[in-house]
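Breakdown of the fold
Listed below are the residues making up each chain.
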Amino acid sequence: MQDGRAPVAPSATPSAAPAPATSARTADPAAPHPALACETIDALLALLGRFPDAKTRAPLLFDGAIDARVWVLIDRPDYEPGHRETIDKMMTAIGLDWSRAALVSRLPWPTPGDGEPTASLLGRFTPVLERLFALAPPTHVLALGQLAADMAGPNARLASSRGRWFDWGDAKLLPSLHPRTMRGSKDLRLQAFEHLKMFKAALP
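A word on the sheet that holds strand 2 (residues 70-74). Overall, mixed pairing links the six strands, which are arranged 1-3-2-4-6-5 in an open sheet. With one partner strand each, in any of the chains shown, strand 1 (62-64) and strand 5 (166-168) form the two edges of the open sheet. The mean inter-strand angle of the sheet, taken between neighbouring strand axes irrespective of direction, is 30°. Both strand 4 (residues 140-144) and strand 6 (residues 171-176) contribute to a ladder of five bridges, which runs parallel. Looking across to strand 6, one finds that Val141 is bridged to Leu173. Running over the sheet, helix 3 (residues 119-135) touches strand 1, strand 2, strand 3 (102-105), strand 5 and strand 6 and is turned about 175° from strand 2.

Bringing the pattern of salt bridges into the picture now. Counted by the stated rule, this structure contains eleven salt bridges. Close ionic contact of Asp88 with Arg84 constitutes a salt bridge, the shortest N to O distance being 3.0 Å. One end of the pair is Asp88 and the other is Arg84, both in helix 2 (residues 81-93) and four residues apart, which spans about a single turn. Comparing Asp88 with Arg84, the two get one shared label, buried. Two residues, Asp150 and Arg106, come together in a salt bridge whose shortest N-O distance is 3.8 Å. Placement of the pair is Asp150 in the loop between helix 4 (146-149) and strand 5 and Arg106 in the loop between strand 3 and helix 3, with a sequence separation of 44 residues. The class for Asp150 is partly exposed, based on a relative accessible area of 23%. Linked by salt bridges that have partners in common, Asp75, Arg76, Asp78, Asp114, Glu116 and Arg180 make up one network.

To continue, consider the nonpolar core. Ile66, Trp71, Val104, Leu132 and Trp168 are the most contacted members of the largest nonpolar core, which has 36 residues in total. Elements supplying a minimum of two residues to this core: helix 1 (41-48), strand 2, strand 3, helix 3, strand 4, helix 4, strand 5 and strand 6. If one sorts the elements of this core by residue count, helix 3 sits on top with seven residues. Here Ile66 is in contact with Ile41, Trp71, Ala102, Val104, Leu132 and Ala136, once residues within four sequence places are set aside. Of all hydrophobic cores here, the second largest spans 22 residues; its members include Ile74, Met90, Leu96 and Leu174.

We now examine the packing of aromatic side chains. According to the stated counting rule, one finds seven aromatic pairs in the structure shown. Centre to centre, the rings of Phe51 and Phe125 are 5.1 Å apart; their planes meet at 45°, and the pair counts as tilted. Separated by 74 residues along the polypeptide, Phe51 in the loop between helix 1 and strand 1 and Phe125 in helix 3 bring together distant segments of the chain. For Phe125, a relative accessible area of 2% translates into the label buried. Here the aromatic rings of Trp165 and Phe199 are separated by 6.2 Å at their centres, their planes lie at 20°, and the arrangement is stacked. Within this pair, whereas Trp165 is found in the loop between helix 4 and strand 5, its partner Phe199 is found in helix 6 (residues 186-202), the two being separated by 34 residues in sequence. Residue class for Trp165 comes out partly exposed when judged on its relative accessible area of 31%. When its relative accessible area of 1% is taken as the criterion, Phe199 is described as buried. Put simply, the rings of Phe51, Trp109 and Phe125 pair up and form one aromatic cluster.

Calculation rules
- Residue numbers here run from 1 along each chain, matching the order of that chain's written sequence.
- Where local features are concerned, this predicted model is filtered to residues with pLDDT of at least 70; where side-chain atom pairs are given and counted, the filter is 80 or more; whole-chain, interface and lining totals use all residues.
- Side-chain metrics in this entry use all non-hydrogen atoms of the structure; hydrogen atoms and water are not considered.
- Note: two strands are recorded as paired if DSSP finds a minimum of 2 bridges between them.
- Numbering of helices and strands starts at the N terminus; helices are DSSP runs of H or I of at least 4 residues and strands are runs of E of at least 2.
- To obtain an axis, a line is fitted to C-alpha atoms, over the contacting stretch when the element is a helix, and the angle between two such axes runs from 0 to 180 degrees between their N-to-C directions.
- Residues are treated as being in contact if the distance between any of their heavy atoms lies within 4.5 Å.
- Any carboxyl oxygen of Asp or Glu that lies within 4 Å of a side-chain nitrogen of Lys or Arg is treated as forming a salt bridge with it.
- The classification of residues rests on relative accessible area computed with a 1.4 Å probe and restricted to protein chains. Under 20% of the type maximum is buried, over 50% is exposed, and intermediate values are partly exposed.
- Nonpolar cores are built from buried Ala, Val, Leu, Ile, Met, Phe, Trp, Tyr and Cys residues. Side-chain atoms within 4.5 Å join them into one set.
- Paired rings are identified among Phe, Tyr and Trp, the last through its six-membered ring, by centres lying within 6.5 Å, and are further divided according to the angle between planes into stacked (under 30 degrees), edge-to-face (over 60) and tilted (the rest).

Written out as structure tokens, the structure reads:
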């Protein structure tokens, strides 16, 4: 887990984005992504383990109880430990913890300089997330940030879409704010809290 916590599932520490690894991807760009052939979550984790960065830094695909079917989705791990602490506090505020939900990331490693992920980087790893979705389908997803919300379609990533429910496959996805977006804004924190209350109310 980030910030030195004992991991429940594979986790991330600050690092650069992984270099392309031909051993983890097919050489033919037209060939199916190797994640599609993974029949288990362990196989997905093994696939990420074939990237060079995994030799020194554990990737974050998910952390927590992936079988609980409740996801908090982020775009990427980042260098600011306070962001993870804020997400933990957000969960506590609605009576959840990582034994009853999973923190899931579109990208398994931070981006260089903590910059916005490129389309090519997202394209490399989104099939891994989609395969995780198929193997351990959630019922409810709280998407923190625009690139997380984008999994439910481009309309879901709009700022005006925060606090509105969208379909992502058979799951219900609620776009909200990532801690890096709030940046101490009281108004944005209040918005995020309203989203949290909506999310809690929708859970079985």
